[in-house]
Amino acid sequence: MELDFAVLCQEDFWRQAWEQTRKSSPQMRRRIREEKEAIEFWNQVAPKYGQHHTDKRQERIERVINILEENGMLTQEADVLDVGCGPGTYALPFSGRCKSVTALDGAREMCRILEEKAAEDGLTNVTVLQHMWEDVDLEKDGLLNRFDLVFASMTPAVCDYDTFMKINLASRKFCCLISWAGGTVNEARSDLWELLFHEKDDNRGYHAFFQFNLLLSMGYYPSIDYFNSHWVNEETVEEAIEGLCRSFWLYTEITPEVKDTIAGYVRERSKNGVFRQETSSRLSIMTWRVDEQF
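Below, the structure is looked at part by part.

Re the overall build of the protein chain
Here is step 1: Of regular secondary structure, the protein chain possesses 12 helices and seven strands.
Here is step 2: Here the protein chain has a C-alpha radius of gyration of 20 Å; the compact-globule value for 294 residues is 19 Å, and the two agree.
Here is step 3: Principal-axis analysis of the C-alpha atoms places the extent of the protein chain at approximately 60 × 55 × 35 Å.
Here is step 4: Looking at the protein chain residue by residue over its 294 residues, the buried ones come to 49%.
Here is step 5: Looking at the protein chain alone, contacts between residues at least 24 apart form 79% of all its contacts between residues at least 6 apart.
Here is step 6: Element-wise, carbon and sulfur atoms account for 47% of the exposed surface of the protein chain, whose accessible area totals about 15200 Å².
Here is step 7: Once the 34 positive and 50 negative side-chain charges of the protein chain are each reduced to a mean point, those two points are 2 Å apart.

Structure representation (structure tokens):
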């Protein structure tokens, strides 16, 4: 099919293409939990979130910070909003490099952990807001055009056109979004997806592609960097079974049969009582100015 170049330059084309691709993905087709229900998943994983692959995670954080500082986005005068902040992966290191950080997340446990860490470190410029990003009313909540930098990293809070555009509206100068830019390889998840649903898990991650072109069509000039991410997670058999059941709960009821399938898979591939998962993915760091639209 031949597309008119003018069509490719239209915001509506990329908005619709993103939405259609998102809805047709296995993850969305199989999803049985609303985002408000899924918050319970994040509450449960919060205590262990980010405890693994520490060196690689720190390397990624430093790379992101360097990009933001080199481009004048993260400065001592900047007010920063971190959307989907989790336990403070970026909000905490940002706090020593800017004027203030407003950290927002829908999961109460993520917010609680972040508040505890900030208090332990004596940080007085970090404000934690427990809100679902999709429910935030920017004008009513006083967040409209309030921040010099609006930042979001690998968060389900920014998952579609509306939540993506909200980032623009909250910023008065810069935005940064870290998201999937290619396939994620996790053998255990892929194998179990096929065992449970009798289809392959297509997780190529189209987000950056649509977001980048959407911004271009709106007259912005985003910059984008790519990097590979790899991490290893080792757990006891029972911890692995519990974690995988929790993950697949987003897509199916965890019946005794489903749990038996997951448990059988884990036990068969465990060594000396330890189940090892390796995950590889390609991520993008996309930045743009909201005060320069042509």
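Some points on a nonpolar patch on the surface
Here is step 1: There is a patch of nonpolar side chains on the surface, built from Leu-216, Tyr-221 and Phe-294 and spanning about 390 Å² of accessible area.
Here is step 2: Within the fold, Leu-216 resides in helix α10 (residues 207-217).

Overview of the sheet that holds strand β5 (residues 171-186)
Here is step 1: Read from one edge to the other, the open sheet built from seven strands follows the order β3-β2-β1-β4-β5-β7-β6, with strand pairing classed as mixed. Two strands in the sheet have a free side with no partner beyond their single neighbour: β3 (126-130) and β6 (223-236). Taken over all neighbouring pairs, the strand axes of this sheet differ in orientation by 20° on average, direction set aside.
Here is step 2: Note that β6 and strand β7 (residues 274-289) share 14 bridges and pair antiparallel. Note on β7: the bridge partner recorded for Phe-227 is Leu-283.
Here is step 3: Against the sheet, helix α11 (residues 237-248) engages β6 and β7, with an angle of about 135° to β6.

Examining the pattern of salt bridges
Here is step 1: Applying the stated criterion to the full structure yields 24 salt bridges.
Here is step 2: The salt bridge partner of Asp-201 is Arg-189, with a shortest N-O separation of 3.3 Å. Residue Asp-201 is found in the loop between α9 (187-197) and α10, and its partner Arg-189 is found in helix α9; the two are separated by 12 residues along the sequence. Each member of the pair Asp-201 and Arg-189 is classed as buried.
Here is step 3: Note that Glu-268 is salt-bridged to Arg-269, the shortest N-O span being 3.9 Å.
Here is step 4: Note on Glu-268: relative accessible area 62%, which makes it exposed.
Here is step 5: Residues joined in a network through salt bridges with shared partners are Glu-19, Arg-22 and Lys-23.

Remarks on the nonpolar core
Here is step 1: By size, the foremost hydrophobic cluster in this structure holds 30 residues, and its most contacted members are Leu-68, Leu-74, Phe-94, Leu-149 and Phe-151.
Here is step 2: Broken down by element, this core gets its largest block of residues, five residues, from helix α5 (residues 54-70).
Here is step 3: Discounting chain neighbours no more than four positions away, the residues touching Leu-68 are Met-73, Leu-74, Phe-94, Leu-149, Phe-151, Cys-176 and Thr-287.
Here is step 4: Within the second largest apolar cluster, 29 residues are counted, among which are Trp-14, Ile-167, Ala-170 and Leu-214.

The rules we used
- Residues numbered from 1 in each chain as written.
- Predicted model: local features only at pLDDT ≥ 70, side-chain atom pairs only at ≥ 80, totals over all residues.
- Heavy atoms only, no water.
- Helix = DSSP H or I, 4+ residues; strand = E, 2+ residues; numbered from the N terminus.
- Rg over C-alpha atoms; globule rule 2.2 N^0.38 Å.
- Buried < 20%, exposed > 50% of the residue type's maximum accessible area, 1.4 Å probe, protein only.
- Contact = heavy atoms within 4.5 Å.
- Areas by Shrake-Rupley, 256 points an atom, 1.4 Å probe, with all protein chains shown as cover.
- Lys, Arg positive; Asp, Glu negative; His and termini not counted.
- Charge placed at Lys NZ, Arg CZ, Asp CG, Glu CD.
- Patch = residues over 30% accessible without salt bridge, like charges linked within 9 Å, V, L, I, M, F, W, Y side chains within 5 Å.
- Salt bridge = Lys/Arg side-chain N within 4 Å of Asp/Glu carboxyl O.
- Pairing = 2+ DSSP bridges.
- Axes fitted to C-alpha atoms, helices over the stretch in contact; angles between N-to-C directions.
- Core = buried A, V, L, I, M, F, W, Y, C linked by side-chain atoms within 4.5 Å.

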